[in-house]
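Commentary on secondary and tertiary structure
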Amino acid sequence: MRKILYRLGFTFLIGLPLVGLIYQLPPVKDRLAWRVDELRGTIKYALAPPEQAIFVPQQQGEKKELPLPQVSTTTPVPSPTLVPIQQTATVQPTLIPTVTPSPLPDQIRLSGVRHEYQGWNNCGPATLAMALSYWDWQGDQYDIAPVTKPNPRDKNVMPYELAGYVETRTELKVLARAGGDLQMIKQLVAAGFLVMVEKGFEGPNVNDWMGHYVLVTGYDNNLASFFTQDSYNGPDLPFPYDQMESYWRAFNFTYLVVYPEDRQSDVQAILGPRIDEAYSDRAAAEKASDEISSLSGRDQYFAWFNRGTSLVALQDYAGAASAFDQAFALYP
């Protein structure tokens, strides 16, 4: 019996470091890291359960809950007034007016994208790698990830971080803006540009909502769908217009467009004044205000949250705080 215990102990001492070394191999770690993180989280929350209370904002100086905005299908609630932002005395950029577009074709499918399935927490780098491959960039997500997310457990790469990679590590240009719309996506795709969209994503399990990037490479009006390259679900997937509208709203209709410098005038002609970041933020805030009165449930929550996010970008912090309070009043 004692010999058996010695052998088991010896095997454990030798085997544990070996298992650790095997786990560090990229092909193994990519497949197992999410399970290790999931197990770590399960143990952590079993030992120290998070509080179940939901944050409910209160009126300043009062102890009562903030009333929920009432939305009626017959009498819309007036949209909140967008408080003007004090402008500093800076020279505004010369904006190129939007060119009146020719009628768009009913369907477009762009080719030339090298699809990649994502590694763990790698949807941002993988989707950007696909967008860059369209312009003959030869790298992959594992070139982008160490730069945009040095900590592999970072679950989200921000649009400005992805844009920063394009600006500093490639010869291509990039725009990252909020406040996009479905027609704008179609115009860009019809002109030969891919559109990287940040949106909500429903996982396979209950409450598995998370952020996710997809790359729009086509559309078909007859099917009322975009075609997307999805690093999680696969290539050339149809994504209905109405679902895109709702899931995209979760991230303030944020989008990225990658393009070569000699196509910059074409991008400017399509986007017009939206080329200017401050203009896009103001337009996004106004869009959110318009949606607040016509939406309900989760979509209305995100409309309030988007208004707050855009007002932060416009440095209207009091207006943003009020919008966030209204959003979290709807949160339950």
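Everything discussed here concerns the structure shown above.
A brief look at the structure comes next.

A few words on the overall build of the chain. Of regular secondary structure, the chain possesses 11 helices and 7 strands. Among the 332 residues that make up the chain, the fraction classed as buried is 40%. Of all intrachain contacts in the chain linking residues separated by at least 6 positions in sequence, the fraction that spans at least 24 positions is 64%. Split by element, the accessible area of the chain, about 19400 Å² in all, is 57% carbon and sulfur.

Attention now moves to the packing of helix α9 (residues 277-292) against helix α10 (residues 297-313). Two elements in contact, α9 and α10, have axes separated by 8 Å at closest approach and are oriented at 155°. When the axes of α9 and α10 are compared, the pair comes out roughly antiparallel. Our pair here, α9 against α10, has a crossing hand that is left-handed. Residue-level contacts link D281, A284, A285, A288, S289, E291 and I292 of α9 to Q300, A303, W304, N306, R307, S310, L311 and A313 of α10. When the residues that make up the contact of α9 with α10 are grouped by side-chain class, the tally is 8 nonpolar, 4 polar and 3 charged.

Applying the stated rule across the entire model yields 14 aromatic pairs. Here a set of aromatic residues connected by ring pairs shows up, and it is made of Y301, F302, F305, F324, F328 and Y331. Its end group placed over the ring of F253, K287 keeps NZ or CZ at 3.6 Å from the ring centre.

Counted at 1.5 Å a residue, the expected span for helix α11 (residues 317-330) with its 14 residues is 20 Å, and the 20 Å between its end C-alpha atoms agrees. For α11, the complete set of buried residues consists of G319, A320, A323, Q326, A327 and A329. The elements touched by buried residues of α11 are α10.

This brings us to the pairing of strand β2 (residues 173-177). With 4 of its 5 residues buried, β2 lies for the most part within the structure. The sheet contact formed by β2 and strand β7 (residues 255-259) spans 5 bridges and is antiparallel. Across the sheet, the residue bridging to K173 is Y259, located in β7.

Take the nonpolar core next. Grouped together as the largest cluster of nonpolar side chains are 26 residues, with contacts concentrated most on I185, W248 and L271. Counting only elements with at least two residues in this core, the list comes to α6 (182-190), β3 (195-202), β4 (209-220), α7 (241-249), β7 and α8 (264-271). Counting residues per element, this core draws most heavily on α6, at 5 residues. Within the second largest apolar cluster, 23 residues are counted, among which are L132, I144, L194 and V258.

Moving on, we come to α7. Looking at α7, one finds that the buried residues are Y241, M244, W248 and R249. Buried residues along α7 cover an arc of 120° about the axis, so they all sit on one side.

The next thing to look at is the environment of M210. Note that M210 resides in strand β4. Along the backbone, M210 and G200 are 10 residues apart, and their C-alpha atoms lie at a distance of 5.8 Å.

With that settled, the discussion passes to the layout of surface pockets. Unfilled space is identified by rolling a water-sized probe across the atoms. In this structure, the second largest pocket spans a volume of roughly 600 Å³. Residue lining of the second largest pocket: 24 residues in total, with M158, P159, A178, T254 and T309 positioned closest to the centre. Elements with a contribution of two residues or more to the lining of the second largest pocket: α5 (159-169), β2, α9 and α10. When residues of the lining of the second largest pocket are assigned to their parent elements, the largest contribution, 7 residues, is made by α10. For the lining of the second largest pocket, the per-class residue count stands at 13 nonpolar, 6 polar and 5 charged.

Among the 8 residues of β3, 7 are classified as buried, and the element is accordingly described as predominantly covered. As paired strands, β3 and β7 are joined by 2 bridges and run antiparallel to one another. Its bridge partner being in β7, M196 is matched across the sheet by L256.

Reading the values: rules and limits
- Residues numbered from 1 in each chain as written.
- Predicted model: local features only at pLDDT ≥ 70, side-chain atom pairs only at ≥ 80, totals over all residues.
- Heavy atoms only, no water.
- Helix = DSSP H or I, 4+ residues; strand = E, 2+ residues; numbered from the N terminus.
- Buried < 20%, exposed > 50% of the residue type's maximum accessible area, 1.4 Å probe, protein only.
- Contact = heavy atoms within 4.5 Å.
- Areas by Shrake-Rupley, 256 points an atom, 1.4 Å probe, with all protein chains shown as cover.
- Axes fitted to C-alpha atoms, helices over the stretch in contact; angles between N-to-C directions.
- Parallel < 35°, antiparallel > 145°, perpendicular 65-115°, else oblique.
- Left-handed = near helix turned anticlockwise from the far one by under 90°.
- Nonpolar A, V, L, I, M, F, W, Y, C, P; charged D, E, K, R; others polar.
- Phe/Tyr/Trp six-rings, centres within 6.5 Å; stacked < 30°, edge-to-face > 60°.
- Lys NZ or Arg CZ within 6 Å of the ring centre and 35° of its normal.
- Expected span 1.5 Å × (residues − 1).
- Pairing = 2+ DSSP bridges.
- Core = buried A, V, L, I, M, F, W, Y, C linked by side-chain atoms within 4.5 Å.
- Arc of directions from axis to C-beta.
- 1 Å grid on protein atoms, 1.4 Å probe; cavity = no way out; pocket = protein on both sides within 12 Å on 5 of 7 lines; lining within 4 Å.
- Points joined across faces, edges and corners; volume = space filled by probe spheres on them.

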